[in-house]
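Residues per chain, in single letters:
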Amino acid sequence: GRRAVPSPPPLTMPLDPKRFEKCKMKEVAPANGTKGPTYGCGLGDAEQFRYPHDSLWEFWDAKSKQHAGNKFIGERTGAGGEGPYKYRTYGETAERVTKLGSALVAAGASAGSKVGILSPNTCEWMELLLANASQSCVTIPLYDTLGADVIEYIIDHAECEVVAINTGSKQLASFIGAMPKVTSKVKVVVLFGKEDHGAAKAKVEEAAAGTAGFADAKVFTYAEFLDLGASNPAAPTPPKKEDLAVIMYTSGTTGNPKGVMLLHDTYMYEVGGAQAFLKTFVELGEDDTFFSFLPLAHIFDQVVELMFIGLGAHIGYWRGDVKKLVDDVGVCKPTLFAGVPRIYDKIYNGAMGKFSKAPLSWLYNWAKGRKLYFMEEGMQSYKTASPMADGIVFKKVAKKLGGRVKAICSGAAPLARHVEDFLRVGMCASVSQGYGLTETCAASCIAPPDYPGPNMAGTVGVITPAIQMCLDAVPEMKYLPTNDPPAGEVCFKGPAVFQGYYKQQELTDEVLEKDGWFHTGDIGIITPEGALKIVDRKKNIFKLSQGEYVAVEKLENEYGKCTDFDAIWVYGNSFESTLVGVVCPNEDKLKKWASENGVSGDFAALCASDAAKKHMLALLKETAKGAKLKGFERIAAVHLEPEPWTPDDGRELLTPTFKKKRPQLLKMYQAQIDDMYKQINSK
């Protein structure tokens, strides 16, 4: 028979509740009209934690001098980047930043000039951000996965005078493809990256000839640009706190991207507040390591990296290849890991694939249940909840992230509860969901790690110091601040909120009220514990023909608990009474099912087979039943997509942070949707 389950260790005293109590949200203003009460951070107000600098430049100048000898930014060395990480110090980087700032002036840039950066995360990306700040230039981040049309739009819309391009084949090809369409006058192109700069320079100069935007542009390699600055030293032109630091174009799930205007002052509030909040729960200092792989063009990664500058800590950049990501993490050995739900979903599905077979499934379920019990009862932290379970099972899982991680952060979209529970027990680290938008400079809310009890799990926690929040009524969806629990559209106000969309006042007015309240479009509830939980999306709701409202993101989160597929898109409209779905099956699991059930063919053939569709539909129905979904929320037909969705697959179905672009998905799969509804309606 099975061995007896060991008895639990002696109960320890509960975690000190004081650090949690002082971070809870507090009511700072009563309900007003359709809005519920205004809440602020219990830890303190925005002014208390703002960095005492007027700009990113002053912030960097102070920290680079304070931590001159510390490791700062690094990348892997050796052939193919297979060697160890090599870091530049703060002092070494400061010298390079000064040269780059001088080069910008020598090349004709001035205060207010827009400088575009098109690249994956690299040391040069960060150096350019800081150099731009030194001369009051405005950084225009461009995601490295963007196609030529969007690159052209952003360069023209922002009126970039300088564009820095990574010489990677994809970025260079997309940029050269955009060059003939650009009409604004670009003065300078700077080339950097691992590939041959000389060959890239020749290609850009050839492509620039005769174009409206680049005919007069000077093209520099990164080394040449550094030399230009060294030969023409220029004093910094420090920005004022009310000056623009960054115009961050949102990746956008519909239409052209919008340019979110963020001030230097905004960053000082947000970085200081987020750092103060996290340090309340996690010991962070100059010996810590951050592994950077989320795009620096995205506000989430950018704020975390600036926070690490504030600590005097160091940052290791990945090689930009998803297939080598796990290897990079293992070599970097970070202490803080920040990701998006899609990444954690993959980690979870990979682990569950290994633990699905007996006796491992029994061992995993026993270890998870034991450890989670003590954590949720508030009697143990992740460090002490079950040393036996950690030693037998979870330490091996934690090594996937290098073995040194002490804090895991998730942002950009809600993290499914079952995945969060897995991370909490399996990664032997504090796990926290964050919530924010580009328009609120990232982390507006953070769930306190290791909160005693289960009530913070599945939530995005409480407000950080640089923001205030209220819930606005959405009566058509029956979300009201007067409900129990209070519900409504999440609205933010405070110094971390953006100034508006660049050159798009009409769009600004749609979401930003005159008194400063920003409407996120997300629906939240305030739990009895005083935490914010995102439950819906105001825009991603539609009515079926029988009059039932469907919250599609909520359904996708529920169906996403099924580990037999890697992604799902649920679709419906007001002309149909049922839902259909497009699913990207997990290749290994579908092939295993096919082998066991006598279904032949390669992966693409399996996805096209009626047998596989029936199998997947049965799994979806089983998942819906387990989640207690209503009849109209259940998927009636499914199409199987053999090609996984990725942000850089050329189909532009996902944003760089893995959010679905629903209009593009509809365009891509319109024929399959029409066919599914035709079959449903013919029965």
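Residues numbered from 1 in each chain as written. Predicted model: local features only at pLDDT ≥ 70, side-chain atom pairs only at ≥ 80, totals over all residues. Heavy atoms only, no water.

Per an unreviewed UniProt entry, the protein goes by AMP-dependent synthetase/ligase domain-containing protein and derives from Prasinoderma singulare.

Considering the sheet that holds strand 26 (residues 579-585)
With mixed pairing, three strands are arranged side by side in an open sheet as 25-26-27. What marks the edges here is a single partner per strand, and that holds for strand 25 (565-571) and strand 27 (635-640). Neighbouring strand axes in the sheet, compared pairwise and without regard to direction, differ in orientation by 25° on average. Alignment of strand 25 against strand 26, held across six bridges, turns out to be antiparallel. (Pairing = 2+ DSSP bridges. Helix = DSSP H or I, 4+ residues; strand = E, 2+ residues; numbered from the N terminus. Axes fitted to C-alpha atoms, helices over the stretch in contact; angles between N-to-C directions.)

Observations regarding the nonpolar core
Residues Phe 175 and Tyr 267 are the most contacted members of the largest nonpolar core, which totals 177 residues. Ranked by the residues each element gives to this core, the list is headed by helix 11 (residues 299-311), at nine residues. Two domains share this core, each providing at least three of its residues, namely domain 1 (26-41 + 467-538) and domain 2 (56-266). Once residues within four sequence positions are removed from consideration, Phe 175 is found in contact with Leu 118, Ile 151, Ile 155, Val 163, Ile 165, Val 189, Val 204 and Phe 214. Formed by 29 residues, the second largest nonpolar core is a distinct cluster that contains Leu 544, Leu 606, Ala 612 and Leu 640. (Core = buried A, V, L, I, M, F, W, Y, C linked by side-chain atoms within 4.5 Å. Buried < 20%, exposed > 50% of the residue type's maximum accessible area, 1.4 Å probe, protein only. Domains from an automatic or database assignment. Contact = heavy atoms within 4.5 Å.)

Description of the domain arrangement of the protein
Taken domain by domain, the protein holds domain 1 (26-41 + 467-538), domain 2 (56-266) and domain 3 (541-682). Put simply, the middle of domain 1 and the middle of domain 2, counted by C-alpha atoms, are 35 Å apart. On the domain 2 side, the residues contacting the 11 residues of domain 1 number 16 residues. Together domain 1 and domain 2 conceal approximately 1,100 Å² of surface at their shared face, both sides included; 60% is due to carbon and sulfur atoms. Contact with domain 2 buries surface across domain 1, with Gln 499, Tyr 501 and Tyr 502 losing the most and accounting together for 52% of the total. Residues Lys 503 and Glu 159 are paired through a salt bridge, measuring 2.8 Å at the closest nitrogen-oxygen approach. There are five residue pairs in polar contact (both at pLDDT 80 or more) connecting domain 1 and domain 2. (Buried area = accessible area lost by both parts, 1.4 Å probe. Salt bridge = Lys/Arg side-chain N within 4 Å of Asp/Glu carboxyl O. Polar contact = N/O pair within 3.5 Å; in protein donor to acceptor, adjacent residues only side chain to side chain.)

Let's talk about the packing of helix 3 (residues 56-66) against helix 5 (residues 123-134)
For any two helices packed against each other, one specifies the crossing angle of their axes together with the interaxial distance. Interhelical geometry of helix 3 versus helix 5 gives an angle of 115° and a closest axis separation of 8 Å. In terms of axis orientation, helix 3 runs roughly perpendicular to helix 5. Both helix 3 and helix 5 take part in a crossing whose hand is left-handed. In this structure, helix 3 uses Leu 56, Trp 57 and Trp 60 to contact helix 5, whose residues at the interface are Leu 130, Ala 133 and Ser 134. Class assignment for the residues of the contact of helix 3 with helix 5 results in five nonpolar, one polar and no charged. (Parallel < 35°, antiparallel > 145°, perpendicular 65-115°, else oblique. Left-handed = near helix turned anticlockwise from the far one by under 90°. Nonpolar A, V, L, I, M, F, W, Y, C, P; charged D, E, K, R; others polar.)

Quick word on unusual backbone geometry
Across the junction of Asp 484 and Pro 485, the peptide omega takes the value 5°, indicating a cis bond. Within the element layout of this structure, Pro 485 appears in the loop between strand 19 (468-472) and strand 20 (487-493). Even without a glycine there, the phi angle at Lys 333 is positive, about 55°. Within the secondary structure, Lys 333 sits in the loop between helix 12 (325-332) and strand 14 (336-339).

Thoughts on the environment of Met 469
Positionally, Met 469 belongs in strand 19. Taking the C-alpha atoms as reference points, Met 469 and Asp 301, 168 residues apart in sequence, are found 23 Å from one another. Among residues more than four places away in sequence, those in contact with Met 469 are Met 25, Pro 37, Thr 38, Tyr 39, Ile 463, Val 490, Cys 491, Phe 492, Trp 517, Ile 526 and Leu 532.

Here we look at the pairing of strand 13 (residues 314-317)
The side chains of a regular strand alternate, residue by residue, between the two faces of the sheet. Burial along strand 13 is two-sided: His 314 and Gly 316 facing one way and Ile 315 and Tyr 317 facing the other are all buried. Two strands pair when backbone bridges link them, and strand 3 (residues 71-76) and strand 13 are joined in this way by two bridges, in the parallel orientation. When the bridges of strand 13 are listed, Gly 74 appears paired with Gly 316. The sheet contact formed by strand 12 (residues 289-292) and strand 13 spans four bridges and is parallel. Bridge pairing links Phe 291 to Gly 316 in strand 13. For the segment spanning strand 12, helix 11 and strand 13, crossover handedness is right-handed. (Right-handed = clockwise from strand over helix to strand, strands pointing away.)

Considerations on the pattern of salt bridges
Under the defined criterion, the tally for this structure stands at 25 salt bridges. The closest approach of N and O atoms between Glu 75 and Lys 194, which form a salt bridge, is 2.6 Å. With Glu 75 in strand 3 and Lys 194 in the loop between strand 8 (188-192) and helix 8 (197-208), this pair connects stretches of sequence that are 119 residues apart. Judged by its relative accessible area of 14%, Glu 75 falls in the buried class. A relative accessible area of 63% means that Lys 194 is categorised as exposed. A salt bridge links Lys 591 to Glu 587, with the shortest nitrogen-to-oxygen separation between them at 2.8 Å. One end of the pair is Lys 591 and the other is Glu 587, both in helix 19 (residues 587-596) and four residues apart, which spans about a single turn. For Lys 591, a relative accessible area of 40% puts it in the partly exposed group.

What to know about the packing of aromatic side chains
One pass over the full model with this rule turns up 21 aromatic pairs. Measuring from centroid to centroid gives 6.2 Å for Trp 645 and Tyr 669, while their planes differ by 55°, and the two rings are tilted. Highlighted residues: Trp 645 in the loop between strand 27 and helix 22 (662-668) and Tyr 669 in the loop between helix 22 and helix 23 (670-682), separated in sequence by 24 residues. Each member of the pair, Trp 645 as well as Tyr 669, is classed as buried. An aromatic cluster is present here, built from Phe 291, Phe 293, Trp 318, Phe 337 and Tyr 344 joined pairwise through their rings. The ring of Tyr 269 has Arg 50 lying over it, and the distance from NZ or CZ to the ring centre is 5.3 Å. (Phe/Tyr/Trp six-rings, centres within 6.5 Å; stacked < 30°, edge-to-face > 60°. Lys NZ or Arg CZ within 6 Å of the ring centre and 35° of its normal.)

Overview of the environment of Gln 275
Looking at where Gln 275 falls in the secondary structure, it is placed in helix 10 (residues 264-279). Among the residues examined, Gln 275 registers a relative accessible area of 9% and is labelled buried. Here the alpha-carbon distance between Gln 275 and Glu 553, two residues 278 residues apart in the chain, equals 30 Å. Not counting chain neighbours up to four residues away, the residues in contact with Gln 275 comprise Tyr 51, Met 307, Gly 310 and Leu 311. Within the structure, the side chain of Gln 275 is placed 2.9 Å from the side chain of Tyr 51, a separation counted as a polar contact.

Details of the packing of helix 13 (residues 341-355) against helix 16 (residues 417-426)
Where helix 13 meets helix 16, the axes come as close as 10 Å, and the angle between the chain directions of the two elements is 70°. What the angle tells us is that helix 13 and helix 16 run roughly perpendicular. Mapping the contact onto sequence places Tyr 344, Asp 345, Ile 347, Tyr 348, Ala 351 and Met 352 in helix 13 and His 418, Val 419, Phe 422 and Leu 423 in helix 16. Residue composition of the contact of helix 13 with helix 16, by class: eight nonpolar, one polar and one charged.

Comments concerning helix 12
Those residues of helix 12 not exposed but buried are Leu 325, Asp 328, Val 329 and Cys 332. Down the axis of helix 12, the buried side of the element spans an arc of 100°, and every buried residue falls inside it. The secondary structure elements touched by the buried residues of helix 12 are strand 3, strand 4 (85-89), strand 12, strand 13 and strand 14. Where helix 12 terminates, the next one or two residues include Lys 333, which has phi positive at roughly 55°. (Arc of directions from axis to C-beta.)

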